[in-house]
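Structural description and commentary
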Amino acid sequence: MYGVIDGTGLDVIAPDFETCIIGHARVERLWTGARWSEGPVWFAAGRYLLWSDIPNDRILRWDDTDGTVSTFRQPSNNANGHTVDRQGRLVSCEHLTRRVTRTEHDGRVTVIADRVDGKRLNSPNDVVVKSDGSVWFTDPSYGIMMDYEGDRAESEIGACHVYRVGPDGAVAAVATDYLKPNGLAFSPDESLLYIADTGVTHHAGGPKHIRRHAVNADGTLSGGEVFAECTSGVFDGFRLDRDGRIWTSAADGVHCYAPDGRLIGKVRIPEMVANVCFGGAKLNRLFICGTTSLYSVFLNVNGVSPV
Ligand code: MG
């Protein structure tokens, strides 16, 4: 388990990445057997990680106390991205049911959003919760484009937007100029919102970048300049550490960007990575969803809490 896995490693691209890593730390493969791993989320109180295996219609659970993996929920409605809110509840994007849900403390599932202006959402992909309780999610059409990760259907909205659900439950579009909005995350002080666009997957020459928006007090966004262009595949899901660095998925592993937009290092993974999250008691362990497998590596940085 702690040996060197072929195709893994830490690549220093800029000197400041040296302070982010532990030189002798190794990438570990914690589990394998998924078809498409996505949406990792860490539950500090229970010391476990949940993640999605979308085509297999299940949410898996890796237990930090003994390293075992079990099925947390199946069927999962082809759940994709997850987060945890300030009350410690699971918030999930579901492709099949085309909705964002919250799992309450007693296990009941509450629908947070499934329509906007009377039209069904496409297939919510990734989600974050702001400290004011608002829920922000992306709604590309990947889950309705084929039957592999949901049910094939036409988009009722006819476009792929980013939405905010206010504390009153109202759903409003906050970004409407994306082709395939995907991962998203706030800066540590929540003044910035980063959003990935993976439009190149279905549009020749389309976007494969992360954009950066300023978050306004009224819940709207401004700005939106390109923060980073992906040099290997696309940026899907990502998380930030407490110093504002972005740790993002890519085709050859995890790319780390400094807050000024420089690519400073990589965690090489031998399969395409879809998403990451920080976990462990100190949030200094990066969990990595790489297609068939769950990986992790200890770092010399700490994730933003909650994750
Ligand atoms: Mg995604």
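Structure's up top.
Rules and cut-offs
Residues numbered from 1 in each chain as written. Predicted model: local features only at pLDDT ≥ 70, side-chain atom pairs only at ≥ 80, totals over all residues. Heavy atoms only, no water. Pairing = 2+ DSSP bridges. Helix = DSSP H or I, 4+ residues; strand = E, 2+ residues; numbered from the N terminus. Axes fitted to C-alpha atoms, helices over the stretch in contact; angles between N-to-C directions. Salt bridge = Lys/Arg side-chain N within 4 Å of Asp/Glu carboxyl O. Donors = N, O, S within 2.8 Å, 3.2 Å for Na, K, Ca; no water. Buried < 20%, exposed > 50% of the residue type's maximum accessible area, 1.4 Å probe, protein only. Phe/Tyr/Trp six-rings, centres within 6.5 Å; stacked < 30°, edge-to-face > 60°. Lys NZ or Arg CZ within 6 Å of the ring centre and 35° of its normal.

Some points on the sheet that holds strand S14 (residues 135–138)
- Spatially, four strands are ordered S13-S14-S15-S16 in an open sheet, and the strand pairing comes out antiparallel. In this open sheet, the two edge strands, each paired with only one partner strand, are strand S13 (127–129) and strand S16 (171–175). Direction aside, neighbouring strands of the sheet carry axes that sit 25° apart on average.
- In terms of strand pairing, strand S15 (residues 162–165) meets S16 through four bridges, oriented antiparallel. Following the sheet pairing, Tyr163 is matched in S16 by Ala173.

A short note on the pattern of salt bridges
- Applying the stated rule across the entire model yields 21 salt bridges.
- The salt bridge partner of Asp64 is Arg285, with a shortest N-O separation of 3.8 Å. In this pair, Asp64 is assigned in the loop between strand S5 (58–63) and strand S6 (69–73) and Arg285 in strand S26 (residues 285–290), connecting sequence segments 221 residues apart.
- One salt bridge in this structure joins Arg102 and Glu104, with 3.1 Å as the shortest N-O distance.
- Salt bridges here are not isolated pairs; linked through shared partners, they connect Glu28, Arg47, Asp64 and Arg285.

Digging into the coordination of the magnesium ion
- Around the magnesium ion, the donor atoms from the protein are Glu38 (OE), Asn125 (OD1), Asn182 (OD1) and Asp236 (OD), and they sit 2.2 to 2.6 Å away.
- Linear spacing of the donor residues for the magnesium ion on their chain is E-x86-N-x56-N-x53-D. Here Asn182, found in strand S17 (residues 181–186), pairs with Asp236, found in the loop between strand S20 (221–229) and strand S21 (238–240); they are 54 residues apart in sequence, far enough to count as distant. Pair check on accessibility: Asn182 and Asp236 agree, each one buried.

Here's the deal with unusual backbone geometry
- Cis geometry marks the peptide bond from Gln74 to Pro75, where omega comes out at 0°.
- By the element assignment, Pro75 lies in the loop between S6 and strand S7 (79–84).
- Although it is not a glycine, Arg98 adopts a positive phi angle of roughly 55°.
- Relative to the assigned elements, Arg98 resides in the loop between strand S8 (90–94) and strand S9 (99–103).

A closer look at the packing of aromatic side chains
- In total, this model carries 11 aromatic pairs according to the counting rule given.
- On the numbers, 5.7 Å between centres and 15° between planes, the contact of Trp42 with Phe287 is stacked. In this pair, Trp42 is assigned in strand S3 (residues 37–43) and Phe287 in strand S26, connecting sequence segments 245 residues apart.
- These aromatic residues form a ring-pair network of at least three members: Tyr194, Phe227, Phe235 and Tyr257.
- In this structure, Arg61 is placed above the aromatic ring of Tyr48, and the distance from its NZ or CZ to the ring centre is 4.3 Å.
- Over the ring of Tyr142 we find Lys180; its NZ or CZ atom is 6.0 Å from the centre of that ring.

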